[in-house]
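The primary structure of each chain is shown beneath.
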Amino acid sequence: MPHCPEEKITKKKMKPDVDTAVEKAPIPPAVYENSAAKAEDNKSSAYLLLLFGVVGMTIMILGIVGVLPLKLSGISKYMTYGIMSALFLLFIVMGMVSMKSYRIFAKKAESEHSLCSTMKKWCHSNFSSEELDNELFVQENGSVSEEAVQAAREAWESTPEEEMYFKRVSLMKEKIQKQFLNLDEGFLEHFVDELYGEIFEK
């Protein structure tokens, strides 16, 4: 029995709009990756790959010239030497690429360290827990009459610590972004998270 048009329209309306749901899904915040740590990872990988590659290629060369008594014959000899030599050569190439990445991340880590030191000096000279909390209080309560100040202050001080954390972090990020332009979001998140403990959890 054919469906009437009204039923089809109803079913179409009930069908969830997948594309819209995907578009409205929140984008996760940028994750900060420490350049110094990445530099060390690439450095250790480079040394390990180069070590395996050079030692392996040395063994292959010694085997090919007959110094090492490797008992291989016929096609298996050429296949073994060919495949193993290609593998060890690949290790050497990957080691060189990792070493190049290490140098790039090491330079980036130096600039990040310098920027971080400058930002910390500025923040410690311009931020204090009392001043930040007072600014937040004024932002939320505006010009409160003298009679209402005490009640507003008590309500403010009873705000849960988690809620206070997000308010403070938001204000700190806003002030830092005005002073230091074009900061990476992940770097800023990481920096403010560390700075918060130094200012509010002394």
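So, how was this worked out
- Residue positions within a chain follow its written sequence, with the count starting from 1.
- Selection of residues for local features in this predicted model requires a pLDDT of at least 70, selection of side-chain atom pairs for listing and counting requires 80 or more, and totals for whole chains, interfaces and linings are taken over all residues.
- Values shown for side chains rest on all heavy atoms present in the structure; no hydrogens or waters enter the calculation.
- We call a set of buried residues a nonpolar core when its members are Ala, Val, Leu, Ile, Met, Phe, Trp, Tyr or Cys and they connect through side-chain atoms within 4.5 Å of each other.
- Relative accessibility under 20% of the residue-type maximum defines a buried residue, over 50% an exposed one, and the middle range a partly exposed one, all with a 1.4 Å probe and only protein chains included.
- Helical segments are the DSSP runs of H or I of at least four residues, strand segments are the runs of E of at least two, and each set is numbered from the N terminus.
- By definition in these notes, contact holds between two residues if any of their heavy atoms fall within 4.5 Å.
- Expected helix span is computed as 1.5 Å times (number of residues minus one).
- Salt-bridge detection follows one rule: a side-chain nitrogen of Lys or Arg within 4 Å of a carboxyl oxygen of Asp or Glu.

Caption draft 1: Here's a closer look at the nonpolar core. In this structure, F127, M172, I176, F191 and L195 are the most contacted members of the largest nonpolar core, which totals 20 residues. For this core, the secondary-structure elements that each account for two or more residues are helix 4 (74-126), helix 5 (129-141), helix 7 (161-179) and helix 8 (185-200). Looking at this core, the element that brings in the most residues is helix 8, giving 8 residues. Apart from residues lying up to four places away in sequence, I176 is in contact with M119, W122, C123, F127, L183, L188, F191, V192 and L195. Of all hydrophobic cores here, the second largest spans 5 residues; its members include M57, M60, F88 and I92.

Caption draft 2: Expanded view of unusual backbone geometry. Here the phi dihedral of N182 falls at roughly 55°; this positive angle occurs in a residue that is not glycine. Of note, N182 is situated in the loop between helix 7 and helix 8. Given a relative accessible area of 81%, N182 falls into the exposed group.

Caption draft 3: Region of the structure containing the environment of L90. Note that L90 resides in helix 4. Exposure remark for L90: the relative accessible area of 44% places this residue in the partly exposed category. Distance from L90 to L49, taken between C-alpha atoms, is 9.0 Å for residues 41 residues apart in sequence.

Caption draft 4: Geometry of the side chain of S98. With respect to the secondary-structure elements, S98 resides in helix 4. The exposure class of S98 is buried, given its relative accessible area of 12%. When sequence neighbours within four positions are dropped, the list of residues in contact with S98 reads N42, S45, A46 and L49.

Caption draft 5: Representation of helix 3 (residues 35-65) within the structure. Between its terminal C-alpha atoms helix 3 stretches 44 Å, which fits the 45 Å expected from 31 residues at 1.5 Å a residue. Buried within helix 3 are the following residues: S35, A39, N42, A46, L49, G53, G56, M57, M60 and G63. Next to the buried residues of helix 3 lie helix 4. Phi turns positive one or two residues past the end of helix 3, at G66, with a value near 90°.

Caption draft 6: Structural context of the pattern of salt bridges. Inspection of the entire model under this criterion finds 8 salt bridges. With its nearest N and O atoms 2.9 Å apart, the salt bridge here joins D133 to R168. Note that D133 is positioned in helix 5 and R168 in helix 7, a separation of 35 residues in sequence. The exposure classification of D133 matches that of R168, with both residues buried. Among the salt bridges present, the one from K175 reaches E135, with a minimum N-O distance of 3.1 Å. Taken together, the residues K175 in helix 7 and E135 in helix 5 connect sequence positions 40 residues apart. Among the residues examined, K175 registers a relative accessible area of 25% and is labelled partly exposed.

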